[in-house]
Every structure is written in C-alpha cells, then in structure tokens.
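Coordinate analysis (summary)
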Amino acid sequence: MNNEQPRKARINIAFISQLIFLFLFLILFVTTEYRGKDEISIAINSFFRANPLVTASYLFAEKALTWLLLPGVLMIVFSAILGRFFCGWICPLGTIIDMATRKIRKKGPIRMLQGNVKYYLLLPLLFAALFNVNLAGILDPIAILVRALTFFLYPLLGYTVRSGWTGLYGLIGEKRDFIEPAYGFIRDYVLPFRETFYPLAFLSFGLFLFILFLERYESRNWCRNLCPLGALLGLLSKFSIFRRRPGKVCADCGQCADICPTSFDSEILKKEECILCMECEVKCRFHRVNFTLKRPKGAVAKEAPPVMERRVLLGGLASGFFLSRAFSFSSPSNQERLLRPPGAQNEAEFLKKCVRCGECMKVCLKSALYPDYHKAGLYGFFMPVLIPRLGYCEYNCNLCGQVCPTGAIPNQPLEKKKKNIIGAAAFDKNHCLPYAKKIDCIVCEEHCPIPEKAIRTEPVEMKNFEGKTVTVKQPYIVEDLCNGCGICEYVCPLEGKSAVEVYAKVKRKIKQ
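Here's a quick rundown of the structure. Source: prediction; values computed, not measured.

Another point: the overall build of the chain. Per the secondary structure count, the chain includes 25 helices and 10 strands. Counting only C-alpha atoms, the chain reaches 110 × 65 × 40 Å along its principal axes. Buried residues in the chain amount to 51% of all 512 residues. Contacts in the chain between residues far apart in sequence, at least 24 positions, make up 75% of those at least 6 positions apart. Carbon and sulfur atoms make up 62% of the accessible area of the chain, which totals about 25400 Å². When the 68 basic and 44 acidic side-chain charges of the chain are each reduced to a single mean position, those positions are 8 Å apart.

What follows is the structure, given as structure tokens:
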C-alpha cells in the first residue's frame, strides 16, 4: 500500500503565463490601430517576430535573416533547450483553445489526423520556402488568430457598439448622455477607428472556428495533430535537455494520462508533444512529477533519436517542390492592377517576406489595403493589395511600414515613403468627362497630394455636342511625378468604373 499522502493542488504558473500573454496579445492588437497619432510605438508584430515558424520560413525563402526576427531566433534556441514551452506558455491561440475545450464534450480522436499529418503540413511549407515560395503565414496559428480578429471580429465589434450607441438614443433619448464619457473612452481607445468590411472575412473566421470545432474530438486537437508551428517546436524539443520525471505514468495512479492535453501515448510520455503546461505536476496528488534539466540514468538508450522518418522527410521535400510550382502561377491579366503597399518595390521579395498577418490593412488610414484572393494567384492569398476605388494611400502616412513584422513593407521615414512608386495613373478618355462629355471636371487635379501636382489641366478649345465652340480643361498626368497613390481613382465622381485608374508598373522604383 502506498504511504504517500495526497497534497493540495498548487497554482499553475504556466496557466498564469498563458493569461498574461493572452492579455498582452489583446492589448497589442487594440493598440495596433490609428489613434490620432502618426506613430505606433508598440504593435502586435512582436508576436510574429518571436514566432519560430515565421523566422524559419523567412530564412528559407530569403536565404538571409533580418534583425527584426532576432526574437524568433532566440525562441528557436530556447525551444531546443527547454522544449515546446511556446505552445503551453505563450501561444494566444493555444490559450483560447484551452479556455474553450473545458466546455466541449469529447467524442474521441480522429484517426486520420493522428500520426505524421502535422509533419506533412510543416515540411511542404518549409521546403516550398526553400524554393522561394513562402506559404507559412496561411497556416501559422498566430496569423490565423490575428486575421480572424482583424477581418471579422474586430470590425463586427465596432459596428455592433456604434449601432448600439445610436439605437440607445432611440430608447432613452438625452439620458444617453450620462454614459457618454464611457462610450467616448471605448470609441477612442478600444474600437477600430473606422468601419471596414474585408474580403475573406468569413473564411478567416471560419478557419478559426474550425480549430475550435476540432476540440469536439480531443483536447488541443489542432496543436497535437495539425499545427505546423507546433510540429516545428516538437522537432526542436527532441533536442531539449528539459524533461519530465517520471517519463511514464505511475503504475498505481495513471492520472497524468487523463490530465495531459497532448503528450501521453498510452502510458509513455511523447517528449515532442509535451507543451510543458505543467498540469501533470500541479495536479499530481503525490507530488511525484517534476520537470528537470537532469537526465535520468538509462534515458539515452530508451529515447528515440531526434530525427524523423525518411519517408516523411522525402515526402515533405517532394510536396514542397510541387507546392511551390503550383502556387507560383498567376494570371498575367491580373498583374496590371496588382498594387502593393508603398515601399514594396520588388514583388518577388515582397512575396517571400509577407506573413499575411493583415496588420497593414488594419492600420491603413484611408481603407486602401485589402486581403488578396485572386490578383496574385494562390501565392498571394491573404496578402495586401491596394484597391484605389475603395481607398487610397494617404500621402502623409507610413503606418503600414511601422507595423509590418518582417519588413515586407519597409518602415521608412515619411519623406522617403512619399517618393515610393506604387503604380501609375492613366485616363480612360472614353469615360473621363472633359474628354467624353466635353465638360469641365477638375476633381482629380484638386485632390492630387503631390505638391507639384502629378495631374494637371490644360484649356482646350473644341466644339461640344451642340456645335458650339467651348473651352474645356482637359486633365493630363505628369508621369515623372505620379506615385500611384490612387486618390484620383478614389475621388473620380463617375459611378462604378473610374475614368482614371492606377496600374502597376512592371518595375517599381523610387523616385530620385
């Protein structure tokens, strides 16, 4: 009979860490917004810069590293030493899953997801990056969460609160003013500064819901079976010297296997799956479980070597190659209107660096940036494109470069950013009023932000449709001055198709 006495439950510091990082994540998400200032000092890009999957895919695609991703390099090193602590201590999506899964009844594991599925997702992503096609952001868990918030939940929150405030006036009239200070605080510091509805919003939210839906089958289903970031950290954790003791469940208890959300295969702890949540240590009634840097005797011979199966590696390599070829195709007809954010001068470099987080779109002052779903083919999915008919690049704004986590949109001083060439405007003389209707219209010239005016007008004598000689101001574009900001297309008074449109230049460059 065991003489050990059950001990009281202790506080789980891993769970406290999860709550702290989730709170920090939400604070940074809300602060990554235009709040009346030209600078955003702290942003949610910190989570991407400390993300090992973002760092590894960037390194493979660029064949170089930027100092911006130094936190990600450190996270890789610490994961190789300590194990998969990012999943159990930091990942905000993992914390949300943990909070949700407790209220979801389980049906049992999905057999087809078990095994090496996560490696068949991770390796093609990494090898495709090696072939210059960086797709990691599509399945990165932080990017999935941020896109769901940015494209769907945050705009929905803003619309709901503002509509509720308006509706409240109809219910209680002037009495609403008593709570106006509270509403003002929420409006100025919590809500999005503008209401924008994005393409791919439902898809982004649906992917997030799918991850939560998987919790119907087993806890942390996404993390243990599908997450490519978790798979990468699992590979790194095989080198870890930080380990749980004992390495299997106790013969007279076995409670660990029921408590553990990820790691136990029958009675044996799978080291690469352990997210260091500390649940087994905290809830051990006999205080037998602990985590230590000391290697128990005989452990070397019992543990599997830190390598994966050859067929998985070769399969991932082949899949990565074919994936890179498949995602490289895009229709040439869509290229002429493919406009990237200011500073993204080289399309190939931009594609390799962009992590598809959506933050540039969130802070875009004039609602010019939206997630792409067809212009750049499959490769450009979720990446930002500028749609001038819906918004334009504000001449005195460089917020998108400030929040970009990888430098895909360079963070340039404002004066340098103003000289970036996004595209080139061109008139459709079959639609432009001075050309087609022979009447004056100078809206585009008036709004052109270039001090020297990239759009100018000249008086031209002509006969109108009634046969009278009239003088009409016809607009023309000074190509050497136009930066393709898109304001001319945005303000064109014609319904539907604009008379002036911005086209991508084959080779973007910076004006001297």
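Its place among the elements puts Asn464 in the loop between strand 8 (455-463) and strand 9 (469-477). On the basis of relative accessibility, which here comes to 19%, the residue Asn464 falls in the buried class. Filtering out sequence-adjacent residues up to four positions away, Asn464 remains in contact with Lys438 and Val470.

The subject of this paragraph is the layout of surface pockets. Of the voids in this model, the second largest pocket is the one considered here, and its volume is about 410 Å³. Lining the second largest pocket are 24 residues; nearest its centre among them are Thr101, Ser219, Ile259, Cys260 and Pro261. Sorting the residues of the lining of the second largest pocket by element identifies helix 1 (13-31), helix 6 (92-101), helix 14 (255-259) and helix 15 (279-283) as the ones contributing at least two each. Counting residues per element, the lining of the second largest pocket draws most heavily on helix 14, which supplies three residues. Partitioning the lining of the second largest pocket into residue classes produces nine nonpolar, seven polar and eight charged.

We now examine a nonpolar patch on the surface. There is a patch of nonpolar side chains on the surface, built from Leu70, Leu74, Val77, Phe78, Ile81, Ile241 and Leu293 and spanning about 610 Å² of accessible area. Position of Phe78 among the secondary structure elements: in helix 4 (residues 70-82). Residue class for Phe78 comes out partly exposed when judged on its relative accessible area of 42%.

The next point concerns the nonpolar core. Phe25, Phe48, Phe86, Leu93, Ile142, Trp222 and Phe291 are the most contacted members of the largest nonpolar core, which totals 125 residues. Looking at which element gives the most residues to this core, the answer is helix 9 (residues 141-172), with 10 residues. Once residues within four sequence positions are removed from consideration, Phe48 is found in contact with Val54, Leu69, Asp140, Ile142, Ala143, Val146, Val355, Cys357 and Pro405. By size, the runner-up hydrophobic cluster in this structure holds seven residues, among which are Ile40, Ala43, Cys397 and Val403.

Within the structure shown, the criterion is met by 17 aromatic pairs. Aromatic pair Phe213 and Tyr217: ring centres 6.0 Å apart, planes at 75°, arrangement edge-to-face. An angle of 25° between the planes, with centres 6.0 Å apart, marks the rings of Phe242 and Phe291 as stacked. Of this pair, Phe242 sits in the loop between helix 13 (228-237) and strand 1 (243-245) while Phe291 sits in strand 4 (residues 290-292), and the two are 49 residues apart along the sequence.

The subject of this paragraph is helix 9. Taking 1.5 Å of rise per residue, the 32 residues of helix 9 would be expected to cover 46 Å, and the 43 Å separating its terminal C-alpha atoms lies within 8% of that figure. Taking the largest bend as the criterion, helix 9 deviates by roughly 40°, centred on Leu149.

Looking at where Ile477 falls in the secondary structure, it is placed in strand 9. Each C-alpha atom, one on Ile477 and one on Ser333, is 24 Å from the other, the two residues being 144 residues apart in sequence. If we skip the residues at most four places from it in the chain, Ile477 touches Ala425, Ala426, Phe427, Ala454, Ile455, Cys482 and Val500.

What follows covers unusual backbone geometry. The amide bond that connects Arg245 to the next residue, Pro246, takes the cis arrangement and shows omega of 0°. Phi angles above zero are rare outside glycine, and His287 is one such case at about 55°. Within the secondary structure, His287 sits in the loop between helix 15 and strand 4.

The alternating pattern of strand 7 (residues 424-427) places Ala425 and Phe427 on a buried face and Ala424 and Ala426 on a face that is not buried. Bridging between strand 7 and strand 10 (residues 500-503) involves four bridges; their strand directions are antiparallel. Across the sheet, the residue bridging to Ala425 is Val502, located in strand 10.

Under the criterion given, the structure shown has 16 salt bridges. The partner of Asp188 in a salt bridge is Arg187, with the nearest N and O atoms 3.0 Å apart. The exposure class assigned to Asp188 is partly exposed, which follows from its relative accessible area of 37%. Two residues, Lys352 and Glu349, come together in a salt bridge whose shortest N-O distance is 3.4 Å. Here Glu349 and Lys352 lie together in helix 19 (residues 347-353), a separation of three residues that amounts to about one turn. We classify Lys352 as buried; its relative accessible area is 13%. On the basis of relative accessible area, Glu349 is assigned to the partly exposed category, the value being 28%. Taken together, the shared-partner salt bridges connect Glu62, Glu349 and Lys352 into one network.

Relative to each other, helix 1 and helix 6 sit at 120°, their axes nearing to 9 Å. As helix 1 runs across helix 6, the sense of the crossing is left-handed. Mapping the contact onto sequence places Gln18, Leu22 and Phe25 in helix 1 and Pro92, Gly94, Thr95, Ile96, Asp98 and Met99 in helix 6. Here the residues of the contact of helix 1 with helix 6 sort into five nonpolar, three polar and one charged.

Criteria and cut-off values
- Residues numbered from 1 in each chain as written.
- Predicted model: local features only at pLDDT ≥ 70, side-chain atom pairs only at ≥ 80, totals over all residues.
- Heavy atoms only, no water.
- Helix = DSSP H or I, 4+ residues; strand = E, 2+ residues; numbered from the N terminus.
- Buried < 20%, exposed > 50% of the residue type's maximum accessible area, 1.4 Å probe, protein only.
- Contact = heavy atoms within 4.5 Å.
- Areas by Shrake-Rupley, 256 points an atom, 1.4 Å probe, with all protein chains shown as cover.
- Lys, Arg positive; Asp, Glu negative; His and termini not counted.
- Charge placed at Lys NZ, Arg CZ, Asp CG, Glu CD.
- 1 Å grid on protein atoms, 1.4 Å probe; cavity = no way out; pocket = protein on both sides within 12 Å on 5 of 7 lines; lining within 4 Å.
- Points joined across faces, edges and corners; volume = space filled by probe spheres on them.
- Nonpolar A, V, L, I, M, F, W, Y, C, P; charged D, E, K, R; others polar.
- Patch = residues over 30% accessible without salt bridge, like charges linked within 9 Å, V, L, I, M, F, W, Y side chains within 5 Å.
- Salt bridge = Lys/Arg side-chain N within 4 Å of Asp/Glu carboxyl O.
- Core = buried A, V, L, I, M, F, W, Y, C linked by side-chain atoms within 4.5 Å.
- Phe/Tyr/Trp six-rings, centres within 6.5 Å; stacked < 30°, edge-to-face > 60°.
- Expected span 1.5 Å × (residues − 1).
- Bend = angle between axes of the 7 residues up to and from the residue.
- Pairing = 2+ DSSP bridges.
- Axes fitted to C-alpha atoms, helices over the stretch in contact; angles between N-to-C directions.
- Left-handed = near helix turned anticlockwise from the far one by under 90°.

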